[in-house]
Structures are given as structure tokens and as C-alpha cells.
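# What the coordinates show
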Amino acid sequence: MKIAVIGAGWLGYRLCKTFLEKDQPVVTTKQSEEDVARLNAEGISCVQFQLGERLLPQTLLDCELYVINIGAGRRGFKREEFQSKMVDLCRQCLESTDKKLLFVSTTSVYGEANQVFTEQTEPAPISDSAHAHVHIENCLRELFPQQVTILRLAGLIGEDRHPVYYLEGKKDITAAHKMVNLVHRDDAIEAIEKIISLQKWGKVFHLSATDNPSRRAYYTYAAKALELIPPLFLDDSEQPAVGKKVDAEATIAELQLTLKFPSPFDMLPKIAEEEVP
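Here's a quick rundown of the structure. Given the structure is predicted, the values throughout are model-derived calculations rather than measurements.

For the rest of this paragraph, the subject is the side chain of Gln24. Summarising the element assignment, Gln24 is placed in the loop between α1 (10-21) and β2 (26-30). Those residues in contact with Gln24 that lie beyond four places of it in its chain are Met1, Lys2, Ile3 and Phe19.

Turning our eyes to something else, we now look at α1. In a regular helix each residue adds 1.5 Å, so 12 residues correspond to 16 Å; α1 covers 17 Å between its end C-alpha atoms and thus fits that length. Along α1, the positions that sit buried rather than exposed are Leu11, Gly12, Leu15, Cys16, Thr18 and Phe19. Down the axis of α1, the buried set is contained in an arc of 160°. They therefore lie on one face. Directly beyond the C-terminal end of α1, a positive phi value near 60° is found at Asp23.

Bringing the sheet that holds strand β1 (residues 3-6) into the picture now. Each strand in a sheet pairs with its neighbour through backbone hydrogen bonds, running either in the same direction (parallel) or in the opposite one (antiparallel). Taken together, the seven strands give an open sheet; going across it, the order is β3-β2-β1-β4-β5-β7-β10, and neighbouring strands pair in parallel fashion. The open sheet terminates on both sides in strands that have one partner only, identified here as β3 (45-48) and β10 (204-207). On average, each strand axis in the sheet is tilted by 20° relative to the strand beside it, whichever way the strands run. In this sheet, β3 lies alongside β2 in parallel orientation, the contact comprising four bridges. Note that in β3 the partner of Val27 across the bridge is Ser45. Those strands touched by helix α2 (residues 33-41) are β2 and β3, and its axis lies near 170° from that of β3. Sitting on the sheet, helix α4 (residues 79-93) touches β1, β4 (65-68) and β5 (100-106), and the angle it makes with β4 is about 165°.

Quick look at the packing of α1 against helix α7 (residues 185-197) now. The interhelical angle for the contact between α1 and α7, taken along N-to-C directions, is 60°, at an axis separation of 10 Å. The orientation of α1 with respect to α7, classified from their angle, is oblique. Handedness of the crossing formed by α1 with α7: right-handed. Residue-level inspection shows Trp10, Leu11, Arg14, Leu15, Thr18 and Phe19 of α1 in contact with α7, the latter providing Arg185, Ala188, Ile189, Ile192, Glu193 and Ile196.

With that out of the way, let us pick up the pattern of salt bridges. Counting across every chain of the model gives 13 salt bridges. Here Arg185 makes a salt bridge to Asp160, at a shortest N to O gap of 4.0 Å. Of the two residues, Arg185 is situated in helix α7 and Asp160 in the loop between β8 (155-157) and α6 (164-167); the sequence distance between them amounts to 25 residues. Residue Arg185 is classed as buried on the basis of its relative accessible area of 6%.

The subject of this paragraph is the packing of aromatic side chains. The final tally for this structure, using the stated rule, is five aromatic pairs. Following the ring pairs from residue to residue traces out a cluster consisting of Tyr218, Tyr219, Tyr221 and Phe265. One residue, Arg185, lies across the ring of Trp10, its end atom 4.0 Å from the ring centre. In this arrangement the basic side chain of Lys244 is found over the ring face of Phe117, its NZ or CZ atom lying 5.9 Å from the centre.

Conventions used here
Residues numbered from 1 in each chain as written. Predicted model: local features only at pLDDT ≥ 70, side-chain atom pairs only at ≥ 80, totals over all residues. Heavy atoms only, no water. Helix = DSSP H or I, 4+ residues; strand = E, 2+ residues; numbered from the N terminus. Contact = heavy atoms within 4.5 Å. Expected span 1.5 Å × (residues − 1). Buried < 20%, exposed > 50% of the residue type's maximum accessible area, 1.4 Å probe, protein only. Arc of directions from axis to C-beta. Pairing = 2+ DSSP bridges. Axes fitted to C-alpha atoms, helices over the stretch in contact; angles between N-to-C directions. Parallel < 35°, antiparallel > 145°, perpendicular 65-115°, else oblique. Left-handed = near helix turned anticlockwise from the far one by under 90°. Salt bridge = Lys/Arg side-chain N within 4 Å of Asp/Glu carboxyl O. Phe/Tyr/Trp six-rings, centres within 6.5 Å; stacked < 30°, edge-to-face > 60°. Lys NZ or Arg CZ within 6 Å of the ring centre and 35° of its normal.

Keep in mind these numbers describe shape, not what the thing actually does.
Put into C-alpha cells, the structure is as follows:
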């Protein structure tokens, strides 16, 4: 079986490396000739492709399973255009009924209500990107109910990517006691591998760490662990975390996952144990 990872970004690139380490044939895509050449030089089979192209390269059409991992982007985002191009891409991938597709989506589809969200919770998107992902999800579930699985990921972080870097030294930050919903890239990759190996198609999963500290507690600790200037929140009182909580226990159980990073604190360098909130 040959897998296509369409979109070799921060997650997709590492996913390809993981597949190759396990002798799983994979091909991926980048938009520029330079990036395509760089990945091929690294031993990762890569072809040039840009969302919206009318025809997929034959190398991709020859694959049997697709992982679609294309972000909405932030600059000049055109919701309807993105939706249309993404659905058309998936149609091309699934030209044969024996092919499968895993669509990497986002937990932002749930909105920001103060409640617990399970895989059965109806989406309530707020941002344009979240609305676009809900539209794409709904189209795929209607058109290809047995061929597509959706994996909604919480905020992705890893060794070289962490939101505290954007908060370093900032002041008067709001929502101090709002819960954080994060997932480590390694755990997201394991979930993708399990969906494929266990053949969990026609499903909706989501993934987040099982611990949800408050923004103030977590990012203050994270800044100290990474030796950054800590962010300052408007409310500096000690209160329990409140707000949106992504409950991924059902996904973890069905995919037989053991999270490497069940808590966001596990995703950071260790500092004095007594200082952990």
C-alpha cells in the first residue's frame, strides 16, 4: 500500500519521516520547486502540487490511501474558494471506491463555549477557518461515508513549536483561567498510524491531551521552563481552569492509544518538581 501525505508542513513532514522509518512507502507534496528538490534530496518522495490544480499528479493518483493535511492559512484566506478546492481535491483522491482518506481537521470547529466537547458534539464554528473545516467535513461525510475518517486536532505543539513563544513578555493578556487544549505532534502521528493500521474508516475522532490547565498556570510555567520572559495576565489570582474542554477519552480508547504526553506539562523541559502547578 502506498500512502500520499498531501501537504508536507510541520505535521506532514514528520509524518512522512515516521512512515519511512517503518518502511512504509509514502509520497508527499510541496508547492515550490525548491522545497520539492530539498525533500527528494532527503529521501522523501515529493512532487510539486498546489491546492486548486485541476489534475493531481499521476504519482498521487496511483496511491491507495491519502492523508490530507493542508492548513487554511491566515493571509488572504477566502473561505468559499478554500472549501471548493479542498472538496475537489478529495474527489480526485477518492475516484475509486477502494481508496481511503484521512482528513486532518481542527477542534476549533467546536467554537469556544464553556463546556466539555466529545466526538459527538455538534460543531459551532466561529472563525472563517473553522466554518470552512465544518463545510469540508460535512461534504466528505456525505459523499464518502465509508471511505473518509476525520481527525480533529487540538493545538499542535512540539519540541520546536510552542505558543508560549508568541506570548513571551506580553502584558495584560485576557482569559487567564481559560483551559488550554493542546496535543503533541508525536501523539497526533500515532493516532494517524492507528487509524490506518486498525482501518478505522467512516469515523470522526479528535485528540487533545487529557490534562487541561489554565492559560495562566501553564504559560507562566512554560516560560520559566524555556527560560523566557513570562507573560503577564490581567487576572493573576489562583483559580481553577474553566471553559472549553476537548474530551478525547473515547478516541484514545478506540484507537488503543497511550499518549506520550497526556499533560501539556509533559511537553516541556522539567524544572523543580515543587514548582509544577
